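# Report on the structure
Letter by letter, the chains look like this.
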Amino acid sequence: DAKTTQPNSMESNEEEPVHLPCNHSTISGTDYIHWYRQLPSQGPEYVIHGLTSNVNNRMASLAIAEDRKSSTLILHRATLRDAAVYYCILNSGGSNYKLTFGKGTLLTVNP
Amino acid sequence: DAGVIQSPRHEVTEMGQEVTLRCKPISGHDYLFWYRQTMMRGLELLIYFNNNVPIDDSGMPEDRFSAKMPNASFSTLKIQPSEPRDSAVYFCASSPFAGLLREQYFGPGTRLTVT
């Protein structure tokens, strides 16, 4: 799967929006963009995924650039509970079920 | 549903001992994954199963590691003999989808310490 690049860490204030960027310049046409997050002392949890169009769910929004070489996970109002490591992952679908986790972005939320 | 269940949650053992980690996936999920997480290497996929059959074990570090899935509701990851460098958090995850979506549900993990 293609490689992703994320900032090591970001900081936000409670109740403010957070934009977490991810670069994936070598993404292929069939790669889905997945976001997971890992809260302290827990296993990762699925956040959102998309292919070409922007996506919204109850947890977050995913904005995908027109050329698909980058994407942004948007938390509309950060809470203390959103403090976690956020992983941006590409998966080519088909028979490939492997998710390759990078180092992710450590999000700190200040009260 | 109770989610993915792993046991034990913590395991402390001495070098050379056999360690068995257990996982119960979410009912109805066709795929089961074993991961290992360390500070140095991050989260690594060790092996995954589809319908109880191992599909990809290329992440298993060496022959001391083995994984089995005797039925749809149970899997084990065994380390024999264990070594201090095996100390890590081991996660099990399951996934229900056979289509394009790859959503995985992770268990709480087993923290293994080998002294």
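Just so it is clear, the model here is predicted, and its values are computed rather than measured. (Residues numbered from 1 in each chain as written. Chains lettered and ligands numbered in written order. Predicted model: local features only at pLDDT ≥ 70, side-chain atom pairs only at ≥ 80, totals over all residues. Heavy atoms only, no water.)

## Overview of the overall build of chain A
- Counting its secondary structure elements, chain A contains zero helices and nine strands.
- Order of helices (α) and strands (β) in chain A, N terminus to C terminus: β-β-β-β-β-β-β-β-β.
- Computed over the C-alpha atoms, the radius of gyration of chain A is 13 Å, within 12% of the 13 Å expected from 2.2 N^0.38 for a compact globule of 111 residues.
- Seen through its principal axes, chain A has C-alpha atoms that stretch 40 × 30 × 25 Å.
- Residue burial in chain A is summarised as follows: out of 111 residues, 47% are buried.
- Taking all contacts inside chain A whose residues are at least 6 apart in sequence as the whole, residues at least 24 apart take part in 57%. (Helix = DSSP H or I, 4+ residues; strand = E, 2+ residues; numbered from the N terminus. Rg over C-alpha atoms; globule rule 2.2 N^0.38 Å. Buried < 20%, exposed > 50% of the residue type's maximum accessible area, 1.4 Å probe, protein only. Contact = heavy atoms within 4.5 Å.)

## Regarding the sheet that holds strand S8 (residues 84-91) of chain A
Residue and element names in this part refer to chain A.
- One open sheet accounts for five strands, arranged S1-S9-S8-S3-S4; its pairing is mixed. In the strand order of this sheet, the two ends are held by strand S1 (9-13) and strand S4 (45-50), each with one partner. Taken pair by pair, the neighbouring strands of this sheet meet at an average axis angle of 25°, ignoring direction.
- Note: S1 against strand S9 (residues 105-110), five bridges, orientation parallel. Paired with Asn13 across the strands is Asn110, a residue of S9. (Pairing = 2+ DSSP bridges. Axes fitted to C-alpha atoms, helices over the stretch in contact; angles between N-to-C directions.)

## Points about the pattern of salt bridges
- Scanning the model with the defined rule gives 11 salt bridges over all chains in all.
- A:Asp82 is paired through a salt bridge with A:Arg37; the nearest N and O atoms lie 2.8 Å apart. With A:Asp82 in the loop between strand S7 (70-75) and S8 and A:Arg37 in strand S3 (residues 32-38), this residue pair connects regions lying 45 residues apart in the sequence. In this structure, A:Asp82 and A:Arg37 share a single accessibility class: buried.
- With its nearest N and O atoms 2.8 Å apart, the salt bridge here joins B:Glu44 to B:Arg41.
- When its relative accessible area of 15% is taken as the criterion, B:Glu44 is described as buried.
- Residue classification places B:Arg41 among the exposed residues on the basis of a relative accessible area of 57%.
- One salt-bridge network, held together by shared partners, links B:Glu62, B:Arg64, B:Glu83, B:Arg85 and B:Asp86. (Salt bridge = Lys/Arg side-chain N within 4 Å of Asp/Glu carboxyl O.)

## Notes on the packing of aromatic side chains
- Using the criterion set out here, one finds 12 aromatic pairs over all chains in the structure.
- Between A:Phe101 and B:Phe106, the ring centres sit 6.0 Å apart and the planes meet at 90°, which makes this aromatic pair edge-to-face. Linking A:Phe101 in the loop between S8 and S9 with B:Phe106 in strand S10 (residues 105-106), this pair reaches from one chain into another.
- On the basis of relative accessibility, which here comes to 7%, the residue A:Phe101 falls in the buried class.
- Taking 6.4 Å as the distance between ring centres and 80° as the angle between the ring planes, the aromatic pair formed by B:Phe91 and B:Phe106 counts as edge-to-face. Linking B:Phe91 in strand S9 (residues 88-95) with B:Phe106 in strand S10, this pair joins segments that are 15 residues apart in sequence.
- Pairwise contacts between aromatic rings join A:Tyr36, A:Tyr46, A:Tyr87, A:Phe101, B:Tyr31, B:Phe33, B:Tyr35, B:Tyr48, B:Phe91 and B:Phe106 into one cluster. (Phe/Tyr/Trp six-rings, centres within 6.5 Å; stacked < 30°, edge-to-face > 60°.)

## Topic: the sheet that holds strand S5 (residues 55-56) of chain A
All names here are of chain A.
- Across the sheet, which stays open at both edges, the four strands sit in the order S2-S7-S6-S5 with antiparallel pairing between neighbours. Because the sheet does not close on itself, it has two edges, and the strands there are strand S2 (18-23) and S5.
- Here S5 pairs with strand S6 (residues 61-64) via two bridges, running antiparallel. Along S6, the bridge assignment pairs Asn56 with Ser61.

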